[in-house]
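The chain contents come next:
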There are 2 protein chains.
Amino acid sequence: MSTAPATSSRDLPHPAGADIRLEAVLHALSDPMRLQIVRELAAAEDELTCSQFALPVTKSTTTHHFRVLREAGVIRQCYRGTAKMNGLRRDDLDDLFPGLLDALLAAADRQAARLGG
Amino acid sequence: MSTAPATSSRDLPHPAGADIRLEAVLHALSDPMRLQIVRELAAAEDELTCSQFALPVTKSTTTHHFRVLREAGVIRQCYRGTAKMNGLRRDDLDDLFPGLLDALLAAADRQAARLGG
DNA sequence: CGCTTCGTACGATAGCCATCGTAGTACGCC
DNA sequence: GGCGTACTACGATGGCTATCGTACGAAGCG
């Protein structure tokens, strides 16, 4: 009876592209944990489940960080079975702020190379 | 007797270029008030005194925001008489994170154009 | 149906932070 | 020296937030 798609029934609130605020994006990325998540997502070129990230925090905290990223408009989330898939909102971000995401990722890579070896 | 330069005697602590952290920069810019300060500084192409900014907060709070920006390595401050001059650390930031500052400023301009006019 | 896996919700806690007001310091000028 | 200007320091306060633990819900699998 329902018209729900086959992938899932639970749906998650995302801000519309026009509602994404630069300050919120910057705040989301100003946390080391979340910056790391975004870097891994960008490197993956594909969607990843929450549990594929080996973060040094509990699952509760991980959920919190993913929600902050989603509500800031940085990532898109959807359920697929028991797993929750995460993907960068590259298209929306590039549309709103051309070049910003690439510059941020490049800066993060550069800093990681400089500090991490 | 002293070897102090003519401009001032009070000196302010700035992080060295190598100590500037991306997360701190993003955190500094994630506050609307501070983002506004940086935008005005970038537009000015010159140093500005603290009192040239018409921010809707008290002077105490203004001082606080300028300090956060300075300690994050975003701006450089020095005294000139009673005035405190503020300038973007464009060279250091471009050296550490090429293209990042321009992308951030462009994103802020774009959002201002989209929302404010 | 039970079991497991994955993730959420909720409450608690501790720390940070934006803001203010007041009192004070440094400098230039008369 | 005395005055005004520009900014600071300090304490207070209310709000946000990163973190945790425990209890719960949803989907798949036997």
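Residues numbered from 1 in each chain as written. Chains lettered and ligands numbered in written order. Predicted model: local features only at pLDDT ≥ 70, side-chain atom pairs only at ≥ 80, totals over all residues. Heavy atoms only, no water.

> Mind showing me how you'd approach the sheet that holds strand β1 (residues 48–49) of chain B here?
Whenever strands of a sheet pair, they do so through backbone hydrogen bonds, lying parallel or antiparallel. Residues and elements named next belong to chain B. What the three strands build is an open sheet, ordered β1-β3-β2; its pairing is antiparallel. A single partner strand is all that each edge strand has here, and the edge strands are β1 and β2 (75–80). Here β1 pairs with strand β3 (residues 83–88) via two bridges, running antiparallel. The partner of Leu48 across the bridge, within β3, is Asn86. Here helix α3 (residues 59–72) sits on the sheet in contact with β2 and β3, set at roughly 120° to β2. (Pairing = 2+ DSSP bridges. Helix = DSSP H or I, 4+ residues; strand = E, 2+ residues; numbered from the N terminus. Contact = heavy atoms within 4.5 Å. Axes fitted to C-alpha atoms, helices over the stretch in contact; angles between N-to-C directions.)

> Looking at this structure, I do not really get the pattern of salt bridges. What am I missing?
Two side chains bearing opposite charge may form a pair once their charged atoms approach each other closely. All names here are of chain A. Evaluation of the coordinates by the stated rule reveals 14 salt bridges over all chains. Residues Arg39 and Asp109 are paired through a salt bridge, measuring 2.8 Å at the closest nitrogen-oxygen approach. Placement of the pair is Arg39 in helix α2 (residues 32–44) and Asp109 in helix α5 (residues 100–116), with a sequence separation of 70 residues. On the accessibility criterion, Arg39 (22% relative accessible area) is partly exposed. Asp109 gets classed as partly exposed once you look at its relative accessible area, which sits at 43%. (Salt bridge = Lys/Arg side-chain N within 4 Å of Asp/Glu carboxyl O. Buried < 20%, exposed > 50% of the residue type's maximum accessible area, 1.4 Å probe, protein only.)

> Mind showing me how you'd approach α2 of chain A here?
Structural remark: α-helix, 3.6 residues per turn; residues separated by three or four positions point the same way. Residue and element names in this part refer to chain A. Across its 13 residues, α2 extends 18 Å between first and last C-alpha, which sits within 8% of the 18 Å expected from 1.5 Å per residue. Residues of α2 that are buried include every one of Met33, Arg34, Leu35, Ile37, Val38, Leu41 and Ala42, and no others. Just downstream of α2, Glu45 is the residue with a positive phi angle, here 60°. (Expected span 1.5 Å × (residues − 1).)

> How should I be thinking about the protein's contact with DNA strand D in this particular structure?
Around DNA strand D, the structure places 25 residues, and the nearest of them are Thr58, His64 and His65 of chain A together with Thr63 and Lys84 of chain B. A distance of 2.9 Å is found between a base oxygen of DNA strand D and a side-chain nitrogen or oxygen belonging to Ser60 of chain A. His65 of chain A places a side-chain nitrogen or oxygen 2.3 Å from a phosphate oxygen of DNA strand D. Among the elements of the structure, α2 and α3 (59–72) of chain A together with α3 and β3 of chain B are those that each provide at least two residues to the surface near DNA strand D. (Near = heavy atom within 4 Å. Polar contact = N/O pair within 3.5 Å; in protein donor to acceptor, adjacent residues only side chain to side chain.)

> Help me out: how do you make sense of the interface of chain B and chain A in this one?
A common way to report how large an interface is uses the accessible area buried once the components associate. Contacts between the two partners involve 25 residues from chain B and, on the opposite side, 25 residues from chain A. Carbon and sulfur atoms make up 65% of the surface buried where chain B meets chain A, a total of about 2,100 Å² over both sides. Three residues, Glu23, Leu26 and Gln111 of chain B, lead the burial of chain B against chain A; their summed loss comes to 23% of the area buried on that side. Our count for the chain B to chain A interface comes out at zero salt bridges. On inspection of chain B and its partner chain A, the count reaches 10 residue pairs in polar contact (both at pLDDT 80 or more). For the side of chain B that touches chain A, the secondary-structure elements that each account for two or more residues are α1 (22–29), α2 (32–44), α4 (90–96) and α5 (100–116) of chain B. Per element, the largest residue contribution to the side of chain B that touches chain A is nine residues, and it comes from α5 of chain B. Within the side of chain B that touches chain A, the residues separate by chemical class into 16 nonpolar, four polar and five charged. (Buried area = accessible area lost by both parts, 1.4 Å probe. Nonpolar A, V, L, I, M, F, W, Y, C, P; charged D, E, K, R; others polar.)

> Where do I start with helix α1 (residues 22–29) of chain A in this structure?
Of all eight residues in α1 of chain A, six are buried; the element is thus mostly enclosed. Among all positions of α1 of chain A, only Leu22, Glu23, Val25, Leu26, Ala28 and Leu29 of chain A are buried.

> How should the relation of the copies chain B and chain A be read in this particular structure?
One copy of the chain maps onto the second through a rotation around an axis plus a translation along that axis. In screw terms, the move from chain B to chain A is a rotation of 180° and a rise of 0.0 Å along the axis, fitting with an RMSD of 0.0 Å. On the angle and the small slide along the axis, the relation comes out as a two-fold axis. Both copies present the same face, since 100% of the interface residues in chain B are matched by interface residues at the equivalent positions in chain A. (Least-squares fit on C-alpha atoms with pLDDT ≥ 70 in both.)

> Where do I start with the sheet that holds strand β1 (residues 48–49) of chain A in this structure?
All names here are of chain A. Pairing in this open sheet of three strands is antiparallel, and the strands run β1-β3-β2 from one edge to the other. The sheet is open, and its two borders are formed by β1 and β2 (75–80), each paired with just one other strand. Most of the contacts of α2 go to strand β3 (residues 83–88), to which it runs at about 85°, and overall it touches β1, β2 and β3.

In short, the description is geometric, and any link to function would need to be established separately.
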